Amino acid sequence: MRLLAGVDAGTTHVKVGFFDERGGCVAAVREPTPRELPALVATVTRALGECAARAGRGPDAIGIAGMAETGVPLDRAGRPLTPLLWWNDPRAAQEAAELAREATALYALTGRRADPKSPLAKWLWLRAHSPEVLEGMRWWVNVPDAVAYALTGRLRTHETLAARTLAYDLEAGGYAPELLARAGLRGDQLPAPAGSVEPVGPLTARVSGVAAGVPVVIAGHDHAVGSWAAGVRRPGDVADSLGTAEAVMVLSDSRPDACTGLARGITTDPSLDGARKVVVGGLPTSGAVLDWLLTLTGNGESGYAALPGLLDGVRLPTGIVVEPYLRGRSAPAPDRARRVTVSGLGPEHTQGDLLAAAVEGTCLHARWMLDELTAVTGTAPERLVVLGGQVRIPLWMRVKAAVSPAPVEVVRSGDAVCAGAALIAGQAGGSLDDVPVLSRDRQPPEPDLAAAYVPVYERFLASARTPR
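Below is a short write-up of the structure. (Residues numbered from 1 in each chain as written. Predicted model: local features only at pLDDT ≥ 70, side-chain atom pairs only at ≥ 80, totals over all residues. Heavy atoms only, no water.)

**A word on helix α13 (residues 351-377)**
Taking 1.5 Å of rise per residue, 27 residues should cover 39 Å, and α13 covers 39 Å from first to last C-alpha, within 8% of that figure. Burial of α13 is extensive: 22 of the 27 residues sit out of reach of the surface. Between a side-chain oxygen at the N-terminus of α13 and the backbone nitrogen of G352 the separation is 3.2 Å; the capping residue is T350. G378 sits one or two positions beyond α13 and adopts a positive phi of about 70 degrees. (Helix = DSSP H or I, 4+ residues; strand = E, 2+ residues; numbered from the N terminus. Expected span 1.5 Å × (residues − 1). Buried < 20%, exposed > 50% of the residue type's maximum accessible area, 1.4 Å probe, protein only. Polar contact = N/O pair within 3.5 Å; in protein donor to acceptor, adjacent residues only side chain to side chain.)

Quick look at the structure:
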């Protein structure tokens, strides 16, 4: 049996796992994501060694996935010039606002709107506030690129990561020189994209229990990797990737025009195989709003582990309507000033009811995004494939299925992104089409609950669409 290693460098946690050729987990390690690149690399290499020790041998290939927009400038020796610059760091708000003055042209080129999380906005901030960093920068690397570089000594990226720099020409399939020039950068300062099954290089770093020379691939952006492994590969398939942030992704043969995309706050990414477009609506604080409420209710230390017990016995629908916008709203109606609102909360409700209502709010918002995305792309959802950490919370999946306009299938893998990265690595030098699909379960429909959520969804939309 071949063993395949997957790495998922996420916002909150770094996940490393060894999997069999069907995605079955053999060993896994989960650690908090460090803020500095050397510590992050050390976490990944240590976790690979720990998995090798548990499995009794090393992997035959290593696949790397992770968050986009988070990266770091490197000097000529490959050393980081700053701590990691995070996607949720708001420091480049002014630069993003200046870019937004040319929003239509920018969106037409990149499929994205100007946002502080984009590397282009961060580069402009560095140029204005820390010019010595850009002057000393030989390369800019996304987190998955940096991990692959540490393991192989070679710099590459994946198109699904490059496309999120806000400096990538989506149709031409390469960096836009005119956008890079705004920050005083050249194309050779960014890693060239490689395909998901194209090895970056052989492992050259010393990793305990892992043989030198095994192929290392950058599988791609975390949401794209997870959805491909979940079998979302053709129009009609919709992925709902859950985590700190949530992304609803609709495969399409076309992309929205700039005016529509900007008005809806949606973006367009290349599909993992580059054959189609993926139209995306995001909720940046899906899991984050639950983390926040758990802390407010005194359950922060236990975190998500406390949720099943707190949600036990909650009646659905809760009767409470929560808008889950902890730090503004992106799609499908952008409003940076939007914040969490709660209506219908009374003395008869418990903390479990409030937490369940927040779950309802994220699911109702995801339904709203899906309705808008399918209308824009002219596609009909045939199935909604849900993946991510929240699939382990039964109430969350019950609500998700009750409000979905399409049958819901749940990927039961402990970490679909990590497993997906491993399965993609297993096809190194081959074809993405041969990547096995992770097992999915049909979420049992509950017609009465679905009917009960119809008026709740209408209340949610009325509230969410009301200007504040």
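More follows now that the structure is in view.
**Thoughts on the sheet that holds strand β3 (residues 25-32)**
Here we have 6 strands laid out as an open sheet, ordered β3-β2-β1-β4-β10-β9, and mixed in their pairing. Since the sheet does not close on itself, it has two edges, and those belong to β3 and β9 (201-202), each with one partner. Pairing of strand β1 (residues 4-9) with strand β4 (residues 61-66) involves 6 bridges; the strand directions are parallel. Bridging across to β4, L4 finds its partner in A61. Running over the sheet, helix α1 (residues 37-55) touches β1, β2 (13-19), β3 and β4 and is turned about 30 degrees from β2. Across the sheet, helix α6 (residues 143-152) lies against β1, β4, β9 and β10 (215-221), angled at about 155 degrees from β4, the strand it touches most. (Pairing = 2+ DSSP bridges. Contact = heavy atoms within 4.5 Å. Axes fitted to C-alpha atoms, helices over the stretch in contact; angles between N-to-C directions.)

**Some details on empty space enclosed by the protein**
Scanning the model with the defined rule gives 2 cavities of 30 Å³ or more in all. Taken as a whole, the largest cavity encloses approximately 180 Å³ of empty space. What lines the largest cavity is a set of 17 residues, and nearest its centre among them are A224, S227, M249, S271 and V278. Breaking the lining of the largest cavity down by element, the ones donating at least two residues are α9 (222-229), β12 (246-252), β13 (267-270) and β14 (277-283). Top contributing element to the lining of the largest cavity by residue count: α9, with 4 residues. Along the lines of polarity and charge, the residues of the lining of the largest cavity split into 10 nonpolar, 5 polar and 2 charged. (1 Å grid on protein atoms, 1.4 Å probe; cavity = no way out; pocket = protein on both sides within 12 Å on 5 of 7 lines; lining within 4 Å. Points joined across faces, edges and corners; volume = space filled by probe spheres on them. Nonpolar A, V, L, I, M, F, W, Y, C, P; charged D, E, K, R; others polar.)

**Some thoughts on the nonpolar core**
In this structure, L290, L355, L395, W396, Y453 and F460 are the most contacted members of the largest nonpolar core, which totals 53 residues. Counting residues per element, this core draws most heavily on α13, which supplies 12 residues. In this view, L355 contacts L290, L293, L294, L307, L310 and L311; residues no more than four positions away in its chain are not counted. Within the second largest apolar cluster, 43 residues are counted, among which are V29, V44, A52 and L74. (Core = buried A, V, L, I, M, F, W, Y, C linked by side-chain atoms within 4.5 Å.)

**Some thoughts on the pattern of salt bridges**
Scanning all chains against the criterion turns up 29 salt bridges. Here R57 makes a salt bridge to D60, at a shortest N to O gap of 3.7 Å. Among the ionic pairs, R79 bridges to D75, the shortest N-O distance being 2.9 Å. Judged by its relative accessible area of 53%, R79 is exposed. (Salt bridge = Lys/Arg side-chain N within 4 Å of Asp/Glu carboxyl O.)

**Some points on the state of the cysteines**
On inspection of all chains with the given rule, the structure shows 0 disulfides. Free of any disulfide, C25 has its nearest neighbouring cysteine sulfur in C51, separated by 7.5 Å. (Disulfide = S-S within 2.5 Å.)

**Structural notes on the packing of α13 against helix α16 (residues 447-464)**
Each pair of packed helices can be summarised by the angle the axes make with each other and by the distance between the axes. Packing of α13 against α16 leaves a shortest axis separation of 10 Å and a crossing angle of 80 degrees. Considering the angle they form, α13 stands roughly perpendicular to α16. Here E360, G361, L364, H365, R367, W368 and D371 of α13 come into contact with α16, specifically with Y453, V456, Y457, F460, L461 and A464. (Parallel < 35°, antiparallel > 145°, perpendicular 65-115°, else oblique.)

**Some words on the sheet that holds β13**
Read across the sheet, 7 strands follow the order β13-β14-β12-β11-β17-β18-β19 without closing on themselves; strand pairing throughout is mixed. Across the chains shown, the open sheet's two edge strands, defined by having one partner strand only, are β13 and β19 (440-442). Neighbouring strand axes in the sheet, compared pairwise and without regard to direction, differ in orientation by 30 degrees on average. Sheet analysis places strand β18 (residues 408-411) next to β19, joined by 3 bridges and oriented antiparallel. Counted as the bridge partner of E409 is R442 from β19. Against the sheet, α13 touches β11 (237-242), β12, β14 and β17 (383-388), its axis set at about 20 degrees to β12.

**Description of the environment of G184**
Within the secondary structure layout, G184 lies in the loop between α8 (177-182) and β9. In this structure, the C-alpha to C-alpha distance between G184 and W123, residues 61 residues apart in sequence, is 8.7 Å. Contacts of G184, omitting those with residues within four sequence positions, involve R127 and Q189.

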